[in-house]
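# Structure at a glance
As a plain string of letters, each chain reads:
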Amino acid sequence: MQLKKEHKVIIVSCIFISLFFIFYFSLGKSNQHNPTVMIGKKLPIISGNSLENDKKINLNSKLKNELFLINIFASWCAPCKEEHKYLMDLKSFKIKIVGINYKDSEQNAKQFLRKLNDPYFEVIKDYSGKLSIELGAYGVPETYVIDKNHNIISKHIGPINEKFVKEIRELKK
Amino acid sequence: MKIFKLVFLILFLMIGQKTFANEEIEKKTAQITKNLRCLVCQGQSVYDSSSDFAEDIKLYVREELTKGASEKKIYSYMVSKYGDWILFNPPLSYKSIFLWLIPFLFILFGAIIIYRKVKIEK
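Since we're looking at a predicted model, the values are computed, not measured. (Residues numbered from 1 in each chain as written. Chains lettered and ligands numbered in written order. Predicted model: local features only at pLDDT ≥ 70, side-chain atom pairs only at ≥ 80, totals over all residues.)

Right, let's get into the domain arrangement of chain B. Here chain B is described as being made up of domain 1 (2-90) and domain 2 (92-122). Summarising the inter-unit geometry, the C-alpha centres of domain 1 of chain B and domain 2 of chain B are found 39 Å apart. (Domains from an automatic or database assignment.)

Right under this line is the structure:
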């Protein structure tokens, strides 16, 4: 079957126009990939040394039957300072937050918490970055929401905000 | 003197073996991390990047290889934590089938056009 010349022009033009729109709208999309594979999975074993007294902590056995958050932070991370007031808000609503202190120094982390107040129920040191890999994280700050059955129900990349605080308060009800 | 020579030889062999093992691990670490995408970089592999994320992954891979973990185990651990996106060479799945088929479809399409052109000219 031979296509007429006009038909060929129409088909080729349609292909090009569709490609143009696909590429044009893709330009506006964020190129940051947000891995979601860990969402819905059981919380891996999170254990490490406490920032407070260097004692070994196993988070999985310490927190049971309640919703809590895991927040990866560091004293050198500027967006962590930005989200700190929201973490304090969450603490005031009796939501437990476990801090994972990522690639930091003990002295700086303690100073950071003294200066800005401590929103954490417990802080675990992760100076090798292994705990963060275990959680599927790739930067700071990142916040994970863990339900009472220890399932990861969501994760937030970057500094948390008022909307996030509201969502967590709703979940806690 | 003989004992001294023997001890020296054993020590020499032990050091040599360790260096060789380290070289092997470094080579394998490079090979694996070249196929892992740095998720915080623009199109760089973990091997090429010096970001915190890439350094953590390199350290993890090196330590796992030292413990004797297989390449397959390391890749599947990475995929379980970050998804197929972390691999530069993703496996064939229903999500990536289109990606794998496109080049063949283009070749087929091009071949049909050339075939028709040649046939018409004849």
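Turning our eyes to something else, we now look at unusual backbone geometry. Residues and elements named next belong to chain A. Looking along the chain, the bond that leaves V140 and enters P141 is cis, with omega of -10°. The residue P141 is located in the loop between α5 (130-135) and β6 (142-146) in this model. In this structure, K94 takes a positive phi of about 65° despite not being glycine. Take K94: it is sitting in the loop between α3 (78-92) and β4 (96-102). A positive phi angle, close to 80°, is found at N117, a residue other than glycine. (Helix = DSSP H or I, 4+ residues; strand = E, 2+ residues; numbered from the N terminus.)

All names here are of chain A. Relative to each other, α3 and helix α6 (residues 162-172) sit at 20°, their axes nearing to 10 Å. What the angle tells us is that α3 and α6 run roughly parallel. Regarding α3 and α6, the two cross each other, and that crossing is right-handed. Where α3 approaches α6, its residues Y86, D89 and L90 are matched on the opposing element by E162, F164, V165 and I168. Grouping the amino acids of the contact of α3 with α6 by side-chain chemistry returns 5 nonpolar, no polar and 2 charged. (Axes fitted to C-alpha atoms, helices over the stretch in contact; angles between N-to-C directions. Parallel < 35°, antiparallel > 145°, perpendicular 65-115°, else oblique. Left-handed = near helix turned anticlockwise from the far one by under 90°. Contact = placed C-beta atoms within 7 Å. Nonpolar A, V, L, I, M, F, W, Y, C, P; charged D, E, K, R; others polar.)

Our focus in this paragraph is helix α3 (residues 71-82) of chain B. Residues and elements named next belong to chain B. Spanning 12 residues, α3 covers 16 Å between terminal C-alpha atoms, matching the ideal 16 Å at 1.5 Å per step. Every buried residue of α3 is accounted for by I74, M78, K81 and Y82. Angularly, the buried residues of α3 cover 75° about the axis, an arc narrow enough to put them on a single face. Away from its buried face, by an angle of more than 90 degrees, α3 presents the exposed residues K72, K73 and S76. Just downstream of α3, G83 is the residue with a positive phi angle, here 85°. (Expected span 1.5 Å × (residues − 1). Buried ≥ 20, exposed ≤ 12 C-beta atoms within 10 Å, placed from the backbone. Arc of directions from axis to C-beta.)

Attention shifts here to the pairing of strand β3 (residues 68-73) of chain A. All names here are of chain A. The element β3 is extensively covered by neighbouring structure, given that 6 of its 6 residues are classed as buried. The alternating pattern of β3 places F68, I70 and I72 and L69, N71 and F73 on opposite faces, both of which are buried. Inspection of the sheet shows β3 paired to β4 by 6 bridges, in the parallel sense. Within the sheet, the bridge partner assigned to I70 lies in β4 and is V98. As a crossover connection, the stretch from β3 through α3 into β4 is right-handed. Bridge count for β3 against β6 is 5 bridges, and the pairing is antiparallel. Counted as the bridge partner of L69 is V145 from β6. (Pairing = 2+ DSSP bridges. Right-handed = clockwise from strand over helix to strand, strands pointing away.)

Here the focus is the interface of chain A and chain B. Contact with chain A, which involves 13 residues of that partner, is made by 12 residues of chain B. Taken together, the residues of the side of chain A that touches chain B sort by class into 5 nonpolar, 6 polar and 2 charged.

Our focus in this paragraph is the confidence of the model for chain A. Detailed reading of the predicted coordinates is not advisable wherever pLDDT is low. Here chain A averages 90 in pLDDT, and 95% of its residues register 70 or above. Per-element confidence in chain A is highest for β3(A), whose mean pLDDT is 96, and lowest for helix α2 (residues 59-62) of chain A, whose mean pLDDT is 87. (pLDDT = per-residue confidence, 0-100.)

For soluble globular proteins, the rule of thumb is that nonpolar side chains tend to be buried together. L69(A), I97(A) and I124(A) are the most contacted members of the largest nonpolar core, which totals 53 residues. At 6 residues, helix α2 (residues 52-67) of chain B tops the list of elements feeding residues into this core. Once you skip the residues sitting within four places of it in the chain, I124(A) turns out to touch I46(A), G48(A), N49(A), S50(A), I57(A), L59(A), V98(A), I100(A), N101(A) and L131(A). (Core = buried A, V, L, I, M, F, W, Y, C linked by C-beta atoms within 7 Å.)

This paragraph deals with the sheet that holds strand β5 (residues 122-126) of chain A. Residue and element names in this part refer to chain A. What the 5 strands build is an open sheet, ordered β5-β4-β3-β6-β7; its pairing is mixed. With one partner strand each, in any of the chains shown, β5 and β7 (152-157) form the two edges of the open sheet. Within the sheet, the average angular offset between the axes of one strand and its neighbour, ignoring direction, is 20°.

So, on to the environment of S128(A). Residue and element names in this part refer to chain A. Within the secondary structure, S128 is located in the loop between β5 and α5. By the C-beta count within 10 Å, which is 16 here, S128 ends up partly exposed. Spatially, the C-alpha atom of S128 lies 7.8 Å from that of Y102, the residues being 26 residues apart in sequence.

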